[in-house]
Amino acid sequence: MQFLIFAKTSNYHVDKNHAQIKFCYNYVYLSMKIPIMLKLFKSWSLHILFPRACFCCGRDMARKDANPLCPECMADLKPIDGLICKRCGQPLKDGGRYCYSCRKSRNFKCGFIRSGLKFTPSARALIHNFKYQGYINISKFFAPLMHKTFRNNPEFFEADFLVPVPIHKSKFKKRGFNQAALLARDLSKLCGVPVLEALERKIKTKSQTSLGGKERLENVRRVFECANKAFVKNKAVILIDDVCTTCATLEECARVLKKSGAREVLAITALKE
Ligand SMILES: [Zn+2]
Ligand SMILES: [Zn+2]
């Protein structure tokens, strides 16, 4: 639709093929696409009515800033580079191939874990707002970072499915979404690997946050079940989760998937704590 508006004469012309508004006044000719105008109007009015604040420090954000954090807090987001554990991706201070906890056991079901960012205060604030405050669009911020992790590691290229770590039905009812499933959905759009919700969490567990390494593994033991055994048979899958701390949840999910016939289980998480 095209409108030609002459302010002095009030003549206007509508052209159905072009979504443009053209405005003429005293030989000043202005052209603007309707969707862009609407977008700008929405952005301005939303900013005036609901000014956006940084998810970490709470400072007011510039209207044009599309990031969820202010520039100072954005600078606190740190990718994982340099020396890392060959299995879990944990940064290593003194070199070597494996971190302390991966060195103890070599018989891992989830043999390759990589994460988008380190668990810095800004990254933690984002995950907290995403999971507990319901800002589900934060998933779209993490997905490209996880995609970069995917692209940087050829180990992921042969994967058949992305499998989100499930949450219990009761938690899903309360929260309204599974953060790992949203991350898997948005990552899938970028890397092209389809999502398969192959796992179910049958038992409600305590939060892992207050538990140590061994307790975490015990806490998640036998809580998952494979709901799509026929689909995972002989397949390589990438587990998707928000945070990897001791890898206990990923390891238990991988055990169940391998028992159900999966050929290989790898994992990508948004953050590595
Ligand atoms: Zn900030
Ligand atoms: Zn490790």
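The coordinates are above.
Parameters at a glance
Residues numbered from 1 in each chain as written. Chains lettered and ligands numbered in written order. Predicted model: local features only at pLDDT ≥ 70, side-chain atom pairs only at ≥ 80, totals over all residues. Helix = DSSP H or I, 4+ residues; strand = E, 2+ residues; numbered from the N terminus. Expected span 1.5 Å × (residues − 1). Buried ≥ 20, exposed ≤ 12 C-beta atoms within 10 Å, placed from the backbone. Contact = placed C-beta atoms within 7 Å. Pairing = 2+ DSSP bridges. Axes fitted to C-alpha atoms, helices over the stretch in contact; angles between N-to-C directions.

A.B. asks: It is not clear to me how helix H7 (residues 179-191) should be interpreted in this structure. Could you clarify?
C.D. replies: Turn by turn, an α-helix covers 3.6 residues, leaving residues three or four places apart pointing in a common direction. With 13 residues, H7 extends 18 Å between its outermost C-alpha atoms, agreeing within 8% with the 18 Å of an ideal straight helix rising 1.5 Å per residue. Those residues of H7 not exposed but buried are Gln179, Ala180, Ala181, Leu182, Leu183, Ala184, Asp186 and Leu187. Check the buried side of H7 and you find it contacts helix H4 (121-132), helix H5 (138-152), strand E6 (161-164), strand E9 (236-244) and strand E10 (264-272). Positive backbone phi, at 85 degrees, marks Gly192, one or two positions downstream of H7.

A.B. asks: Hey, could you run me through the sheet that holds E10 in this one?
C.D. replies: Hydrogen bonds between backbone atoms are what pair the strands of a sheet, whose relative direction is either parallel or antiparallel. With respect to topology, 4 strands assemble into an open sheet ordered E5-E10-E9-E6, the strand pairing being parallel. Single-partner strands in this sheet number two, and they are strand E5 (112-118) and E6. Across the sheet, the mean angle from the axis of one strand to that of its neighbour is 25 degrees, orientation sign disregarded. Relative to E9, E6 runs parallel, the two sharing 4 bridges. From the neighbouring strand, Leu162 faces E9, where its bridge partner is Ile238. The strands touched by H5 are E5 and E10; relative to E5, the strand with the most contacts, the crossing angle is about 135 degrees.

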